[in-house]
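Okay, here's what each chain looks like letter by letter:
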Amino acid sequence: MKSIHKIFLSTLILSLLFGCDDFLEVEPLDRIDGSSFFSNDQELVIAINGVYAAQRLVFSRGDGGQRLVHRLFEERSDNAGGDHTDQGERVETDLFSEGTGNLPISGLWEAMWSAINLANKVIASGATAEGDAALINRIVGEAKFIRASLYFYMVNAWGGLPIRTEPTEDFGNTILPRSGVAEVYSLIVQDLTDAAGALPNTYEGGAGNEVGRATNGAALTLLGKAQLQNGNAAAAEAALRQVLGRYSLLPDYGAIHSGAGNENTAESIFEINHNAGNQTAWAVPRDFVPQSVAGPLGTNGSTRNVLSSYPTQDLADSFDPADLRIPHTFGTATEGSYLGLYIAKFIQPGATSGSDINFVMLRYADVLLMLAEAIGENDEAYGYINQVRTRAGLPNIDATSPGTFMEKLMNERRWEFAFELHRWIDLLRLPDDEVIAIMEPQIEAQQLNKFGFTIDLSLTSDNLLFPIPQNEIDISGGVVEQNPGY
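These notes cover the structure that comes with them. Note that this is a predicted model, so its numbers are computed, not measured.

## Examining the overall build of the chain
Next up, step 1: Helix and strand counts for the chain stand at 17 helices and 6 strands.
Next up, step 2: Residue burial in the chain is summarised as follows: out of 486 residues, 55% are buried.
Next up, step 3: For the chain, contacts bridging at least 24 residues in sequence account for 70% of all contacts bridging at least 6.
Next up, step 4: Roughly 19,700 Å² of accessible area belongs to the chain as shown, and the carbon and sulfur atoms make up 52% of that amount.

So this is what it looks like as structure tokens:
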């Protein structure tokens, strides 16, 4: 269903039922009026929990478990490929051949806007809610952090966006034109600046299950990431230096994604939380692992001849064979219906109804490598890179090591964060012609190695953004304009 129609379906029905006859205009006794709910601190606690749930839906399940975020930010890159024998539009984004009616893209667009709308409702309600002022201020900060995280991924997927900061509750503010990329980043920066001022450094836990919520460190880390992505290195450095030393790298890289009992660690800054016991399991990783591997571990896996998502040979070949991250990143299936590389980062033995593994969105290794990039090539920057390399069992590098500083940094990020939704966004910080030079031969080689044929792939800068879903343009009457090239 079209996203705007989806938001207002209930409003339209109520208008048709109650808009004509006075005798029907009675106060409902069996429900809470939306205009009066979220009027105090305890109701806002319930509301912000719903915003976290909507964020989890976006990043962990998507539309019916279709791995929408993974498709757009990992499979799109040179890290992963998709099953091109599957339904066509599910793999169009891997081949840069998606059209304006692509349903996975539309599904992610709708899920993200829905979550933003919920965050907007919490933020707006916080201005008039009664109760503990400090708690209300914190909850609004959490909502702004989540809104900023969604806008960050959206601006990197689609470029300029309609900026919605008020809850969409009637037909008066549904259609907005797209604002420029700079304006979207301005909102992200303001939201994260506000959130950093409102959020605590840590949570104590307890009955409110506060551990795992957004913190000051999470807001500053995402602020640094947004500033770096927007080309403002000095502002990125200023934000990231405030996080430096407040977290630490885990000694064992494999412990980062090892599952229940290892959540919200000393390295973790923000996670999308999962719990199979309360029906918030992460089902997506089951698509990454062949059954021949998953079965002996007591978990579910794929029986397909080609996995819906798998590591590229290019990624595997790029690793130093001595890198300790390799066995915790991918493996090789040698028997069964699927043969070849598979993603091993999120496997939880014994998980049959979905995984309890949390998705780590922000972690301290990211702070170190982003800060190195923001500073630029010098001894301090190499020191941060080498902290990450030391854990991986690799020797230090410096200015005399082969490659440019950016090449070395981007390689380190690729190895450290494979399949964690960083790679495509990282590539977008490079000049367009460099991204195209990376992707064209990679896609052609992937097709030849996996499916026995090549494709005629000729990319332009237009291919680096996804199309705005056509139904959004149609509903707006052309107010929302399409990206070039579609």
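## Considerations on unusual backbone geometry
Next up, step 1: Notably, Asn-264 is not glycine yet its phi reads approximately 50°, a positive angle.
Next up, step 2: Structurally, Asn-264 is set in the loop between helix 9 (233–241) and strand 2 (268–272).
Next up, step 3: A residue is classified by how much of its surface remains accessible, and Asn-264, at 29% relative accessible area, is partly exposed.
Next up, step 4: Non-glycine residue Leu-421 carries a positive phi angle of around 70°.
Next up, step 5: Note on placement: Leu-421 falls in the loop between helix 14 (405–416) and helix 15 (423–427).
Next up, step 6: Residue class for Leu-421 comes out buried when judged on its relative accessible area of 5%.

## Re the packing of aromatic side chains
Next up, step 1: One pass over the full model with this rule turns up 12 aromatic pairs.
Next up, step 2: Measuring from centroid to centroid gives 5.8 Å for Trp-109 and Trp-113, while their planes differ by 75°, and the two rings are edge-to-face. In this pair, Trp-109 and Trp-113 are both assigned in helix 5 (residues 103–126), 4 residues apart and thus about one turn of the helix distant. Both residues of the pair, Trp-109 and Trp-113, count as buried.
Next up, step 3: Taking the centre distance of 5.5 Å and the plane angle of 85° together, the rings of Tyr-382 and Phe-405 count as edge-to-face. Of the two residues, Tyr-382 is situated in helix 13 (residues 379–391) and Phe-405 in helix 14; the sequence distance between them amounts to 23 residues. Each member of the pair Tyr-382 and Phe-405 is classed as buried.
Next up, step 4: Members of the aromatic cluster, each reached through a chain of ring pairs, are Phe-59, Phe-73, Phe-152 and Tyr-153.
Next up, step 5: Here the guanidinium or amino end of Arg-76 rests over the ring plane of Trp-424, the centre of that ring lying 5.7 Å away.

Calculation notes
- Residues numbered from 1 in each chain as written.
- Predicted model: local features only at pLDDT ≥ 70, side-chain atom pairs only at ≥ 80, totals over all residues.
- Heavy atoms only, no water.
- Helix = DSSP H or I, 4+ residues; strand = E, 2+ residues; numbered from the N terminus.
- Buried < 20%, exposed > 50% of the residue type's maximum accessible area, 1.4 Å probe, protein only.
- Contact = heavy atoms within 4.5 Å.
- Areas by Shrake-Rupley, 256 points an atom, 1.4 Å probe, with all protein chains shown as cover.
- Phe/Tyr/Trp six-rings, centres within 6.5 Å; stacked < 30°, edge-to-face > 60°.
- Lys NZ or Arg CZ within 6 Å of the ring centre and 35° of its normal.

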